[in-house]
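Observations on chain architecture
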Amino acid sequence: MNTNKKPLTIEEKLGLIRGRAVRFGLKRHDLEDAVQEVVLYLLEFTPDPAKANGASESTVLIGVIDRRLKQWLRTNQRYQDLVGRCGAM
């Protein structure tokens, strides 16, 4: 990871999360829930410069954000499937 640059601010990280969430196709009503889920994980995450292989902080965070958004989408879809099955009974 490039350690010469200043770390991203929380506002920049939120912008990055929102941008990635929109690319995943999340609508306004789901966007804030997903952002909240990802930002909680991101607050605990600390990138390891040794494992970053020269990547910038934003590049590392994009991978983490994408993984958490995919997990959020899968969890949300499972819940919707469960509600649909219960409603069909």
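Reference entry: report on the structure contained in this document. (Residues numbered from 1 in each chain as written. Predicted model: local features only at pLDDT ≥ 70, side-chain atom pairs only at ≥ 80, totals over all residues. Heavy atoms only, no water.)

This next bit is on the overall build of the protein chain. Summing up its helical and strand segments, the protein chain has three helices and zero strands in all. Secondary structure of the protein chain in N-to-C order comes out as α-α-α. When the backbone C-alpha atoms are referred to their principal axes, the protein chain occupies close to 60 × 25 × 20 Å. In the protein chain, which comprises 89 residues, the share counted as buried stands at 26%. Put simply, 73% of the contacts in the protein chain that link residues at least 6 apart link residues at least 24 apart. On the protein chain, roughly 6500 Å² of surface is accessible, and the fraction owed to carbon and sulfur atoms is 52%. Charge centroids of the protein chain, computed over 15 positive and 11 negative side chains, lie 5 Å from each other. (Helix = DSSP H or I, 4+ residues; strand = E, 2+ residues; numbered from the N terminus. Buried < 20%, exposed > 50% of the residue type's maximum accessible area, 1.4 Å probe, protein only. Contact = heavy atoms within 4.5 Å. Areas by Shrake-Rupley, 256 points an atom, 1.4 Å probe, with all protein chains shown as cover. Lys, Arg positive; Asp, Glu negative; His and termini not counted. Charge placed at Lys NZ, Arg CZ, Asp CG, Glu CD.)

The next subject is the environment of proline 7. Relative to the assigned elements, proline 7 resides in the segment before helix H1 (10–23). In this view, proline 7 contacts Glu12 and Glu57; residues no more than four positions away in its chain are not counted.

Let's shift gears to the packing of H1 against helix H2 (residues 28–44). With their axes 10 Å apart at the nearest point, H1 and H2 run at an angle of 130° to one another. The angle between the axes of H1 and H2 places the two elements in the oblique class. The interaxial crossing formed by H1 with H2 has right-handed handedness. Residues Ile10, Lys13, Leu14, Ile17, Arg18, Ala21 and Val22 of H1 form the contact with H2, whose own contacting residues are Leu31, Glu32, Val35, Val38, Val39, Leu42 and Leu43. Across the contact of H1 with H2, the residue classes break down as eleven nonpolar, no polar and three charged. (Axes fitted to C-alpha atoms, helices over the stretch in contact; angles between N-to-C directions. Parallel < 35°, antiparallel > 145°, perpendicular 65-115°, else oblique. Left-handed = near helix turned anticlockwise from the far one by under 90°. Nonpolar A, V, L, I, M, F, W, Y, C, P; charged D, E, K, R; others polar.)

Treat this as a map of the structure, not an account of what it does.
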